[in-house]
Amino acid sequence: MDKQLFKILLFMKRRPGMSQDEFIQYYEEKHVPLVLKYSDGMTAYKRRFITPQAHFETGESSDLGFDVITELCFDDQKTFNNVLEYLATSPLPDEVVEDEKKLFDRTTFRVATCTEFVTDL
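Residues numbered from 1 in each chain as written. Predicted model: local features only at pLDDT ≥ 70, side-chain atom pairs only at ≥ 80, totals over all residues. Heavy atoms only, no water.

S.K.: Whenever I open this one, helix 2 (residues 77-89) confuses me. Can you help?
M.R.: Every α-helix winds through 3.6 residues per turn, so residues three or four apart in the chain are directed the same way. Here helix 2 is 13 residues long and its end C-alpha atoms lie 18 Å apart, about the 18 Å a rise of 1.5 Å per residue gives. If you check the start of helix 2, you find a side-chain oxygen 3.3 Å away from the backbone N of Lys78, and it comes from Asp76. (Helix = DSSP H or I, 4+ residues; strand = E, 2+ residues; numbered from the N terminus. Expected span 1.5 Å × (residues − 1). Polar contact = N/O pair within 3.5 Å; in protein donor to acceptor, adjacent residues only side chain to side chain.)

Below, the structure is given as structure tokens:
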């Protein structure tokens, strides 16, 4: 049977003036350990750093509007719903907000949810 996962997807852009290498290093070395303090109920915390590639026909490459897709993963719908409600109605801890200001252009944050089904092969 397929395993059902619940995910919150965060599409985020790095702070202006920060290189991609600086962004990845800070995110992985500073921000991840901070976020892990608040990770109760998550089963995985994934980051996918994006590098735009040229279009195969036109050769053009453009800014996608974000530099990382972050996934917050949950095995059960109740925990997923509780975290989603918290994110929508409660301010994040001050230390997280202050760290995000060092890392992200917070005005560009986009959030989506998805339900994923995984078939083991």
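S.K.: Help me understand the sheet that holds strand 4 (residues 110-118), please; the structure alone is not making it clear to me.
M.R.: The pairing of strands in a sheet happens through backbone hydrogen bonds and is either parallel or antiparallel. The 4 strands are arranged 2-3-1-4 in an open sheet whose pairing can be described as antiparallel. Looking at which strands have only one partner, the edges of the open sheet turn out to be strand 2 (44-49) and strand 4. Averaged over all adjacent pairs, the angle separating strand axes in this sheet is 25°, with direction ignored. As paired elements, strand 2 and strand 3 (residues 68-74) share 6 bridges and run antiparallel to each other. Paired with Ala44 across the bridge in strand 3 is Cys73. (Pairing = 2+ DSSP bridges. Axes fitted to C-alpha atoms, helices over the stretch in contact; angles between N-to-C directions.)

S.K.: Sorry if this is basic, but what is going on with the packing of aromatic side chains here?
M.R.: Here the distance between the centres and the angle between the planes together describe a pair of aromatic rings. Across all of its chains, the model carries 9 aromatic pairs by this definition. Taken together, a centroid distance of 5.2 Å and an interplanar angle of 70° make the contact between Phe11 and Phe66 edge-to-face. Remark: Phe66 occurs in the loop between strand 2 and strand 3 and Phe11 occurs in strand 1 (residues 3-12); sequence separation between them is 55 residues. The same class applies to Phe11 as to Phe66, namely buried. Aromatic side chains Phe23 and Tyr27 sit 5.9 Å apart centroid to centroid with 80° between the ring planes, which places their arrangement in the edge-to-face category. Of this pair, Phe23 and Tyr27 are both found in helix 1 (residues 20-36), 4 residues apart, which corresponds to roughly one turn of the helix. Judged by relative accessible area, which is 0%, Phe23 ranks as buried. For Tyr27, a relative accessible area of 1% puts it in the buried group. (Phe/Tyr/Trp six-rings, centres within 6.5 Å; stacked < 30°, edge-to-face > 60°. Buried < 20%, exposed > 50% of the residue type's maximum accessible area, 1.4 Å probe, protein only.)

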